[in-house]
Amino acid sequence: MSKFSTQSDWLTKLGYPSPGVGDLEDLRLVLGVGSGGRWNAYVKPGWFYCDNIEQYNYIALQEKTSTVTLIGTIDAPYSFRPAWGPVLVAEGDSTRYIEHHNCYLPVVVLSWSLIDNGLAKAFLPVDTILLSVRGFGQDVYGTTSTTGYLTDGRLFFYDNTESSVYIAAGGVPASGINVFADLATIKPNLRFRESVVEEGDGTNGMVRASYLDIKQVVAYRGSTSQVLDDSTDGWCYHSLGVEPGDWVVLEYYINKSFVVSDHDEIQVYTGTDTPVDLVIHSEGTPPEYLQQSVQAYPDSGKPLQFNPLFSDSFRAGFFYHSNSTTIGTPDKLEFAYDKDEVVGAWHETVKAVVTITDKDGIPLPAIPLTISHNQSPSGMLLILPVAVSSTGSVLDTYTDNRGEVHMLVAPTASTSGTLTISVSCLELAGSLSIPILSEQQAIPASRYLSGVVSLIQGPTKTSNGFSRLYCAPHYLDGIPRDSSSLVLESENTSTFEYTNNFAEDVISVQTASVVATGSSANPGRVVGLLAPLGIIVSGADNIVAQADGGQSPIVRALEEV
Amino acid sequence: MALDQLKLRFGPAPDDPSTAVGIAFLASPAMRPDLSVSSFETYRFAKENYPQLREYYWQTGVIDSAYAFKASFDGSTVAGYAPQGAWEIYEEGYRTSTSGQLFGIALDDHPIVTSGVQQTRAGSWGISITTGVVYRSYTVPTYENTDMWFMTGCLSGVVIPGTQCILVYTVPEAFYGTLGTSDGYTFPGQGYKVRTRLESAHIAGPNRITFSGNPLTLKRIVINGADAYSGTFTDSTAQTGPIKELNRSLKWLDVRFSLNPNDLVELEYTEYAQDYLYLGYTDASTGVYYPFDCNPEFGHVIGDHRYGALRSASECLLEQVTVYAIPSAVGVFSLDTTTTPNTINLKFYSAFDFSEKHFIRHIVGEPIEDIVPRVSDGPTNTYGFAVFGRNYYDEPSVPHRDIFSTAVPSMLPLSRVLLKAPASVGAVAVADARKRGGGVPEDANLDVLVHEPGALDELRGYYDLGNWSGKMAQVGGVALFKIDKNVLQPVGKFTEASIMEIVKMVVPVGVDFTVEFI
């Protein structure tokens, strides 16, 4: 922010102003829970720099217009302006007004009155707080807790109840004007006051103000004052006759400036007697109020939402301000089914997901793509949640906010075939096929033998010290079955023993595999074949059992009991 | 000059970052089965670690009588297939004693257990169910579901309310294998079933990845979404490409490239399919397929039988979804008094002969199963029961209660899946991408302040350069703050960064400062 209408070339070459945010909390993103449990993003108000312009993010822009001549008081727009929050901006005549916070009043002349008990007393100006008391030579007074201690000429007592200050009368020169107070005001003062150091030679006084372009300048040396010329470069010339290094007090107005004297008014100095039309912008919300962030793209105007339970959720990406319309370049297309094959005769559906990402792996929302599916035999494709197409047709759609498209595909035929989904997205294209199985292929006749072989390791041991192991084959539907042979294989060369039913007469001890035979003719008390076996496990082994093609669940990490 | 237009964009990084004002990078939590939703509870139907073959007893009331027992399979055909002889098993002359000894047969009990939630490559979450066989004694209740297969067809009129039978539940290990009777006996046998698994692995060292599964063939190593390896690696010792060693016993993978502790590492590999992944079922009576996908993210759906429609998984999970098994076979008892001794017949029927194909199913929104006295008309269950959070099996104080569903009385409840509070908004990773701006760029050459006439004076007119956000003009001098180091953590309560912020708040604008901890 500058009070100059033009900017020097050297400053422009430095890159001023650089893009970014103004300060601290400006434009900081916070997340909050919105309606229905959505996770919405909110952006704090503040200022930022972009496109060589100082810009503002107001939650609730308040605008006030007024006409001011030289000095004026204006009702401020409704504002809870936080300390580091959005700025209050005043503009007039295409000029930004400078806001300042002048609450320090150095070297204020007090009116002393002699009272009883050898004391002098002065009342402080309204709405001020005493910071220190000092003499003309900058010697600072000490403070006491009661007027009873004011026996030394360099002590003072501050009665903040009645806003007065006491000193020993003996310390006050006859004129009583060479003891001054440094004060703080509870409201900023439009008229600026500061202490500056004399840089002249004592004859040609010269001091420099903190601000440039100042008007109605008055210089003070103690109780002596002098009205000075306006200054555009901050240098002020006087004839107060002070020595180099001495302190001089300057009072002035900063040309085109304002202060917020309270939450409900601002004071403006225009620096001209010509009426100036002022426009004042300010933030209109309390400091803790957050602005729900909306997305400019895609789906302009919708809240930014991150709860993955909702349809409009985003997954990952950058959040930024830009006037650019860049939407990202698709770089990768990923495609997956949730099954390796699908049985058409069983009316099964298969889920498919397409994901479009950029070169950094960031999902790309709202990317146009086309999807077609060719099933042999035919079927239906459902792009969740609504779009439906039949075989061969092409659907135009867009990626959701997560850069994804979810589909369900339902083959409808009972014969075998292939399901192929093809996706094209700008210059990317891909397709993926899975087999459609008919019922006969899914469970051929022989498959009915491929039921379950249960392997259960018991807690007891056989007479030979083998852990007892039971095997029982079943048909696919769980009906117990007989079997002429049952084979166990070990990956780690575990040792088996096969006993004659429960008699525990060892008839076979084999390593790595064992063939147990049983008979359905007289299996004793057993339904189906329950082959009692023994095993000594070698390490963490894999055991597989097969019974005429029926294959067991593979048992892992079968350990000794 | 003062604009009020915050044009926000979300997505990939802008092509020209210099023209944009970065605010944040956000990453929403990817729902993972072990993170958010899987409030997943499994029923138990037997004592834990029940190791033995189960002695199944049923009372026939036979006392002082000799009976023969004959179990048979009514399997002249099973969906067109003639099994290896319709087997029959006899046991004769077993006499019960007057003291009430029970007749018993030994049946294998290999519990079916839902073992967790498994994520497919398409991001669907299915229920992993271990293979096994469960038998259950059952008395058909009056409110038996008439659409249930064993109440239809040739069993209509045979299995009626009051009929005592054995229900068999099974989960075979493979539906789509190519196993045949001629397969050899080599390990692990031909046609064994493997599945592809994508595991989110952990980093144990600069070059070491640990995993929890049992990979047979390593197919991909994915680092932060990009393939670091793609192929088929089966040998655990041979060094191939970036793979140094795959140690299956200690479950680590050593690689030849460096890993960052913050990397997201995924391993895709094949492993033995020891369980059945449930992703939906076909209702044989209607031909309707009801998909099941308990990933609560949008785009994942569950078929809800009540509406005959697909519903968002998150909506269904709010109501809870019960996963259960229906019988795949039934054994029906009958008494033949024409033989000497009389014969107790147990004849099995297969559900495949009744066109059933899917025996694991789900039901949405049904009330939690009722608990009724076993002595009432509720079906009996020989396996005890457990309800959510409470295992009645181990509580002898309620010995006569049983678990069943009035909607599907013959169901074997396996688990319940419901949506508990998903990850909170705090799970969204937010990286502040803001950069201070408005002044001069941080890398600007400040020599110009010396060489350019009047530069400093002009700077004093730029409020944001000398006093607010710019840093060029330090006209106010430099302050040194000496602060007792005991204010810092762990002795104190402040961090160095927080001290800097505090100091920054109190230092006048235009004054540079240095903090020294003493």
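Residues numbered from 1 in each chain as written. Chains lettered and ligands numbered in written order. Predicted model: local features only at pLDDT ≥ 70, side-chain atom pairs only at ≥ 80, totals over all residues. Heavy atoms only, no water.

Asks: Please explain the overall build of chain B as it appears in this structure.
Replies: Within chain B, the secondary structure is distributed over 6 helices and 34 strands. Relative to its full complement of 518 residues, chain B shows a buried share of 51%. A sequence separation of at least 24 residues applies to 69% of the contacts in chain B between residues at least 6 apart. As displayed, chain B has an accessible area near 22800 Å², and 51% of this comes from carbon and sulfur atoms. (Helix = DSSP H or I, 4+ residues; strand = E, 2+ residues; numbered from the N terminus. Buried < 20%, exposed > 50% of the residue type's maximum accessible area, 1.4 Å probe, protein only. Contact = heavy atoms within 4.5 Å. Areas by Shrake-Rupley, 256 points an atom, 1.4 Å probe, with all protein chains shown as cover.)

Asks: Hey, could you run me through the sheet that holds strand β12 (residues 113–115) of chain A in this one?
Replies: Strands in a sheet are paired, the pairing made by backbone hydrogen bonds, and the direction either parallel or antiparallel. An order of β12-β13-β17-β16-β15 (chain A) is seen for the 5 strands of this open sheet, with the pairing classed as mixed. A single partner strand is all that each edge strand has here, and the edge strands are β12 and β15 (142–143) of chain A. (Pairing = 2+ DSSP bridges.)

Asks: Whenever I open this one, the sheet that holds strand β19 (residues 191–197) of chain A confuses me. Can you help?
Replies: All names here are of chain A. Read from one edge to the other, the open sheet built from 4 strands follows the order β19-β24-β21-β22, with strand pairing classed as antiparallel. Of all strands in the sheet, those bounded by a partner on one side alone are β19 and β22 (224–227). When the angles between neighbouring strand axes are averaged without regard to direction, this sheet yields 25 degrees. Of the pairings in the sheet, the one linking β19 to strand β24 (residues 247–254) comprises 7 bridges and is antiparallel in character. Paired with Arg191 across the bridge in β24 is Tyr253. (Axes fitted to C-alpha atoms, helices over the stretch in contact; angles between N-to-C directions.)

Asks: Please clarify how the confidence of the model for chain B should be interpreted in this entry.
Replies: Interpretation of this model should avoid reading the predicted coordinates in detail wherever pLDDT is low. All names here are of chain B. With 63% of its residues at a pLDDT of 70 or more, chain B shows a mean pLDDT of 71. The least confident element of chain B is strand β29 (residues 370–373), whose mean pLDDT is 40; the most confident is strand β14 (residues 208–210), at 94. Across residues 92–104, confidence stays below pLDDT 50; counting only partners more than four residues off in sequence or on other chains, it has 31 contacts. The complex model carries a pTM of 0.70, and its ipTM stands at 0.70. (pLDDT = per-residue confidence, 0-100.)

Asks: What should I look at first to understand the nonpolar core in this one?
Replies: In summary, soluble globular proteins display a tendency toward joint burial of nonpolar side chains. Ranked by internal contacts, the top residues of the largest apolar core, which has 51 residues, are Ile127, Ile129, Trp149, Phe150, Tyr278, Val330 and Ile360 of chain B. Apart from the residues within four sequence positions on either side, Ile129 of chain B is in contact with Ile112, Val113, Thr114, Ser115, Val171, Asp275, Tyr276, Tyr278, Val323, Ile360 and Leu414 of chain B. If you look at the next biggest cluster of nonpolar residues, it comprises 25 residues, including Ala352, Leu364, Met407 and Leu419 of chain A. (Core = buried A, V, L, I, M, F, W, Y, C linked by side-chain atoms within 4.5 Å.)

Asks: Just to check I follow, could you spell out the environment of Gly170 of chain A for this structure?
Replies: Of note, Gly170 of chain A is situated in the loop between β17 (164–168) and β18 (179–185). Residues Gly170 of chain A and Glu265 of chain A, 95 residues apart in the sequence, show an inter-C-alpha distance of 44 Å.

Asks: How should I be thinking about the environment of Phe48 of chain A in this particular structure?
Replies: Relative to the elements of secondary structure, Phe48 of chain A occurs in strand β4 (residues 46–50). Along the chain, Phe48 of chain A and His321 of chain A lie 273 residues apart, while their C-alpha atoms are 9.6 Å from each other.

Asks: Hey, could you run me through the environment of Ala329 of chain B in this one?
Replies: Take Ala329 of chain B: it is sitting in strand β26 (residues 329–336). By relative accessible area, which is 0% here, Ala329 of chain B ends up buried. Not counting residues within four places of it along the chain, the set of residues in contact with Ala329 of chain B comprises Asp477 and Ile479 of chain A together with Trp149, Ile166, Leu167, Val168, Tyr349, Ser350 and Ala351 of chain B.

Asks: Is there a simple way to think about the pattern of salt bridges in this case?
Replies: Pairs can form between side chains of opposite charge whenever their charged atoms are close. Residues and elements named next belong to chain A. Under the criterion given, the structure shown has 23 salt bridges over all chains. Salt-bridge contacts for Arg193 lead to Glu251; the nearest nitrogen and oxygen are separated by 2.8 Å. Of this pair, Arg193 sits in strand β19 while Glu251 sits in strand β24; the two residues are 58 residues apart in sequence, bridging distant segments of the chain. For the pair shown, Arg193 and Glu251 are each scored as buried. Its salt-bridge partner being Arg402, residue Asp400 comes within 2.8 Å of it at the nearest N-O pair. Taking the relative accessible area as the measure of exposure, Asp400 reaches 16% and is therefore buried. Judged by relative accessible area, which is 1%, Arg402 ranks as buried. (Salt bridge = Lys/Arg side-chain N within 4 Å of Asp/Glu carboxyl O.)

Asks: I keep staring at unusual backbone geometry and nothing clicks. Help me out?
Replies: Phi is mostly negative for residues that are not glycine, and the peptide bonds are mostly trans. Gln489 of chain B connects to Pro490 of chain B through a cis peptide bond whose omega is 5 degrees. Summarising the element assignment, Pro490 of chain B is placed in the loop between β33 (478–483) and α6 (496–506). Notably, Leu70 of chain A is not glycine yet its phi reads approximately 60 degrees, a positive angle. On the secondary structure map, Leu70 of chain A appears in the loop between β6 (61–68) and β7 (71–75). In this structure, Asn224 of chain B is a non-glycine residue whose phi angle is positive, near 50 degrees. With respect to the secondary-structure elements, Asn224 of chain B resides in the loop between β15 (217–223) and β16 (226–233).

Asks: Sorry, what's going on with the packing of aromatic side chains here?
Replies: A ring pair, where both rings are aromatic, is described by two values, the distance of the centres and the angle of the planes. Taken as a whole and assessed by the stated rule, the structure comprises 18 aromatic pairs over all chains. Judged by centre distance (5.3 Å) and plane angle (35 degrees), the rings of Tyr278 of chain B and Phe292 of chain B are tilted. In this pair, Tyr278 of chain B sits in strand β20 (residues 275–278) while Phe292 of chain B sits in the loop between β22 (288–291) and β23 (301–304), placing the two residues 14 residues apart along the sequence. Each member of the pair, Tyr278 of chain B as well as Phe292 of chain B, is classed as buried. Each member of the aromatic cluster is reached from another via a ring pair, and the members are Trp47, Tyr49, Tyr56 and Tyr58 of chain A. Note that Arg193 of chain A overlies the ring of Tyr220 of chain A, its terminal NZ or CZ placed 5.1 Å from the centroid. Just above the ring of Trp252 of chain B sits the side chain of Arg208 of chain B; from NZ or CZ to the centre is 3.6 Å. (Phe/Tyr/Trp six-rings, centres within 6.5 Å; stacked < 30°, edge-to-face > 60°. Lys NZ or Arg CZ within 6 Å of the ring centre and 35° of its normal.)

Asks: Would you explain the state of the cysteines in this entry?
Replies: Put plainly, a disulfide is one covalent bond tying together the sulfur atoms of two cysteines. Residues and elements named next belong to chain B. A complete count under the given rule lists 0 disulfides over all chains for this structure. Free of any disulfide, Cys165 has its nearest neighbouring cysteine sulfur in Cys154, separated by 14 Å. The exposure class assigned to Cys165 is buried, which follows from its relative accessible area of 2%. (Disulfide = S-S within 2.5 Å.)

Asks: Any chance you could explain a nonpolar patch on the surface here in plain terms?
Replies: There is a patch of nonpolar side chains on the surface, built from Tyr104, Ile129, Leu131 and Ile186 of chain A and spanning about 380 Å² of accessible area. Within the secondary structure, Ile129 of chain A sits in strand β14 (residues 128–135). (Patch = residues over 30% accessible without salt bridge, like charges linked within 9 Å, V, L, I, M, F, W, Y side chains within 5 Å.)

Asks: Quick question: what am I supposed to make of the side chain of Glu266 of chain B here?
Replies: Residues and elements named next belong to chain B. Secondary-structure assignment places Glu266 in strand β19 (residues 265–272). Residue classification places Glu266 among the buried residues on the basis of a relative accessible area of 15%. The residues contacting Glu266, other than those within four sequence positions of it, are Leu198, Glu199, Ser200, Ala201, Arg220, Ile221 and Val222.

Asks: How should the side chain of Asn295 of chain B be read in this particular structure?
Replies: All names here are of chain B. Mapped onto the elements, Asn295 comes out in the loop between β22 and β23. Since its relative accessible area comes to 4%, Asn295 is described here as buried. Here His300 takes part through its side chain, which lies 3.4 Å from a polar atom of the side chain of Asn295. (Polar contact = N/O pair within 3.5 Å; in protein donor to acceptor, adjacent residues only side chain to side chain.)

Asks: How should the pairing of β26 of chain B be read in this particular structure?
Replies: Consecutive side chains along a regular strand alternate between the two faces of the sheet. Residue and element names in this part refer to chain B. Here 4 bridges tie strand β11 (residues 164–171) to β26, and the two strands are oriented antiparallel to one another. Each bridged residue has a counterpart across the sheet, and for Cys165 the counterpart in β26 is Val332. As defined by bridge partners, β26 adjoins strand β27 (residues 342–350) across 8 bridges and the pair is classed as antiparallel. Paired with Ser334 across the strands is Asn345, a residue of β27.

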